[in-house]
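Residue-level structural notes
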Amino acid sequence: MPAAESAPVSPTAPSPAVPLRHARGSAGYRRVNLALFLAGCATFALLYTTQTLLPQLSERFALSPAAASMSVSVTTGALAVAVIPVSMLSERVGRTRIMTVSVFAAALLGLLAAFAPDFGTLVALRTLQGVALAGLPATAMAYLAEEVEGASLGAAMGLYVAGNSIGGMGGRLVTGFAADLGGWRTAIVAVSLLALACAVVFRLLVPPSRHFAPSGVTGRELAGTLRSHLGDPALRRLYALGMLFMAAFGTVYNYLGYRLLGRPFNLPESVVGAIFVIYLAGTFSSTAAGRMVGRFGHRATLWAAAAVTAAGALLTLPDHLAFVVPGLIVLTAGFFAGHAAASAAVGLRARHGRAQASALYIAAYYLGSSLGGPVGGVAFHAVGWWGAVVFVLALCTVAVWAAAPLKSTGTAPVAASVRTRAAAKAA
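To start, this report covers the structure provided alongside it. (Residues numbered from 1 in each chain as written. Predicted model: local features only at pLDDT ≥ 70, side-chain atom pairs only at ≥ 80, totals over all residues. Heavy atoms only, no water.)

A few words now on the overall build of the protein chain. Counting secondary structure elements, the protein chain contains 18 helices and 0 strands. The burial tally for the protein chain puts 53% of its 427 residues in the buried class. Within the protein chain, contacts between residues at least 6 apart in sequence are counted, and of these 83% link residues at least 24 apart. In the structure as shown, the protein chain presents an accessible area of about 18,400 Å², 70% of it carried by carbon and sulfur atoms. (Helix = DSSP H or I, 4+ residues; strand = E, 2+ residues; numbered from the N terminus. Buried < 20%, exposed > 50% of the residue type's maximum accessible area, 1.4 Å probe, protein only. Contact = heavy atoms within 4.5 Å. Areas by Shrake-Rupley, 256 points an atom, 1.4 Å probe, with all protein chains shown as cover.)

Here it is in structure tokens:
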């Protein structure tokens, strides 16, 4: 009896040995999106948990505003330092493992921080929390790029970034209301439990990596790539711009609570927390910045973002909410536009090792919060709100200078570059 013939194989059919990437509309794609959205929410809610609580921490532990802000600065600083080593670790042990450990460890450390007996212990736990939190920004975008098919990647990245911003805003809202009801410890517990719930759902939903291959990159090779990026004058300026914009933004939002809780505003904690809804302005300005870059180039967009940020800071000077709230909206829009333009320019400028180039930008960005916040606090403590605003204006002036040598590319070159790189990734 002749052997049965095997069915003909279509040359265009995908190999069964190579699993398909998640595409828009598939169940896997929906699971990826929801899992990463929740992980982003948890991460950025935890990162800035104490920002709204700084006045209460100052009162409880008899601290100056600059000293109290260390509870925020050590966390962002630890994240900045850890993001590159953690990204390298993820190349060896896998993306989902790093992300899972990151969100669970950060949430549990948050619960411990709520019971810190003194400010030193709180700062130590917040430092460890920053190291833990580095796992998500270090690996999430790499995971999405590996597991989501090219045509659907942009939407997936957008939803992940939305989770970051909504987590940062929502965490502050929860903190403000919980602090009004039960004090700073209650607020930290509330945010940590919310983050822990997000971590559980993330772990249940996130599909395992199907396209991850452990990397053999050595520490020496990584160091060489980092040196190459830091040796590029344009990339150095872009890293400095991320740091400057974040330092200005962090200064305003770190010390805003002190001003609004005191005279002449005398607002309750819950209302001060609700002010962070203004973050939504960044969603629209980030998109607008992308269009501006295409039409006017990165340099002009960064100049405009610095000018808008400075104008918003000036608007907050009068002691009336009719000026303060619009000023915060303008400043927030300017910051997010500058951040979007600078981070996008890093990806276009880097010719190799783009993951490491982006990691350096993330590190510089969070160092801006870690270093700029306390310095802005010294100015605020010494002079009042005027001091904080003058510090922000100085940072914006330096940002204009840093952006000056950058090339102002227009629509065609930028679009061509994006298309070329998308084609290369698809190939």
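Here we come to the environment of T332. Mapped onto the secondary structure, T332 falls in helix α15 (residues 321-349). According to the relative accessible area criterion, T332 is buried, its value standing at 0%. Between the alpha carbons of T332 and A305 there is a distance of 9.9 Å; along the sequence they are 27 residues apart. Not counting chain neighbours up to four residues away, the residues in contact with T332 comprise F249, Y253, I278, Y279, G282 and S285.

Moving on to the nonpolar core. Grouped together as the largest cluster of nonpolar side chains are 115 residues, with contacts concentrated most on L241, Y253, Y366 and W385. The dominant element in this core, judged by the number of residues it contributes, is helix α11 (residues 233-261), at 17 residues. Ignoring any residue separated from it by four or fewer positions in sequence, one finds Y253 in contact with Q51, F276, I278, Y279, L328, L331 and T332. Judged by nonpolar contacts, the second largest core, of 17 residues, contains L36, A39, M99 and Y160. (Core = buried A, V, L, I, M, F, W, Y, C linked by side-chain atoms within 4.5 Å.)

Across the interface, helix α4 (residues 70-93) lies against helix α6 (residues 119-133) with an axial gap of 7 Å and an inter-helix angle of 30 degrees. Judged on the interaxial angle alone, α6 and α4 are roughly parallel. Handedness of the α4/α6 crossing: right-handed. Facing S71, V72, V74, T75, A78, L79 and A82 of α4, the residues of α6 in contact are F119, V123, R126, T127, Q129, G130, V131 and L133. Its residues placed into classes, the contact of α4 with α6 shows 9 nonpolar, 5 polar and 1 charged. (Axes fitted to C-alpha atoms, helices over the stretch in contact; angles between N-to-C directions. Parallel < 35°, antiparallel > 145°, perpendicular 65-115°, else oblique. Left-handed = near helix turned anticlockwise from the far one by under 90°. Nonpolar A, V, L, I, M, F, W, Y, C, P; charged D, E, K, R; others polar.)

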